[in-house]
Amino acid sequence: MKISVELTLTPLQDDFEPAIIHFIKKLRSSNLKILENPLSTQIYGDYDEVMRLLTTEIKEVFELIEGGLLYMKIVKSDRRDYEPHF
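Residues numbered from 1 in each chain as written. Predicted model: local features only at pLDDT ≥ 70, side-chain atom pairs only at ≥ 80, totals over all residues. Heavy atoms only, no water.

**Quick notes on the pairing of strand β1 (residues 2-11)**
Next, step 1: Pairing analysis gives six bridges linking β1 to strand β3 (residues 41-46), with the strands arranged antiparallel. The partner of Glu6 across the bridge, within β3, is Gln42.
Next, step 2: One ladder, built from eight bridges, connects β1 with strand β4 (residues 68-75); its direction is antiparallel. Bridge pairing links Pro11 to Gly68 in β4. (Pairing = 2+ DSSP bridges. Helix = DSSP H or I, 4+ residues; strand = E, 2+ residues; numbered from the N terminus.)

This is the structure we're talking about:
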């Protein structure tokens, strides 16, 4: 089953950029389709593969920060080619 995931990582500390950069670089090193913008990161791929990656990388980034929030949206379909019709 294909899924699309949108992530927004928000470390609750002053020195937040290194943790975000580390997290995104780890996601990029996977063989999944990763798209980034200033507000979030999107991941597209097979459910098991995406969730396996997220389980590992979320745990790792949480160990690097004192506190933080991770917002995640999951859509059951591959939406990487979505274009608005208006």
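**Focus on helix α2 (residues 47-64)**
Next, step 1: Over its 18 residues, α2 extends 26 Å from the first C-alpha to the last, a length consistent with the 26 Å expected when each residue adds 1.5 Å.
Next, step 2: When we look at burial in α2, the residues that qualify are Val50, Leu53, Leu54, Glu57, Ile58 and Val61. Seen from one end, α2 has its buried residues packed into an arc of 125°, which puts them on one side. Counted as exposed and oriented over 90 degrees from the buried face of α2: Arg52, Thr55, Lys59 and Glu63.
Next, step 3: The inward-facing, buried residues of α2 abut β1, α1 (17-28), β3 and β4. (Expected span 1.5 Å × (residues − 1). Buried < 20%, exposed > 50% of the residue type's maximum accessible area, 1.4 Å probe, protein only. Arc of directions from axis to C-beta. Contact = heavy atoms within 4.5 Å.)

**Remarks on a nonpolar patch on the surface**
Next, step 1: A cluster of nonpolar side chains, namely Leu12, Leu69 and Tyr71, defines an oily patch on the protein surface of about 310 Å² accessible area.
Next, step 2: Taking relative accessible area as the criterion, Tyr71 reaches 47% and is therefore assigned partly exposed. (Patch = residues over 30% accessible without salt bridge, like charges linked within 9 Å, V, L, I, M, F, W, Y side chains within 5 Å. Areas by Shrake-Rupley, 256 points an atom, 1.4 Å probe, with all protein chains shown as cover. Salt bridge = Lys/Arg side-chain N within 4 Å of Asp/Glu carboxyl O.)

**Considering the confidence of the model for the protein**
Next, step 1: The predicted model of the protein has a mean per-residue pLDDT of 94, with 100% of residues at 70 or higher.
Next, step 2: The secondary-structure element of the protein with the lowest mean pLDDT is α1, recorded at 93, while β3 shows the highest, at 97. (pLDDT = per-residue confidence, 0-100.)

**Let's talk about the side chain of Ser40**
Next, step 1: Assignment of secondary structure puts Ser40 in the loop between β2 (33-36) and β3.
Next, step 2: Engagement of the side chain of Ser40 in a polar contact is seen with the side chain of Gln42, the distance being 2.7 Å.
Next, step 3: Beyond its immediate sequence surroundings of up to four residues, Ser40 is in contact with Glu6, Leu7, Thr8 and Leu35. (Polar contact = N/O pair within 3.5 Å; in protein donor to acceptor, adjacent residues only side chain to side chain.)

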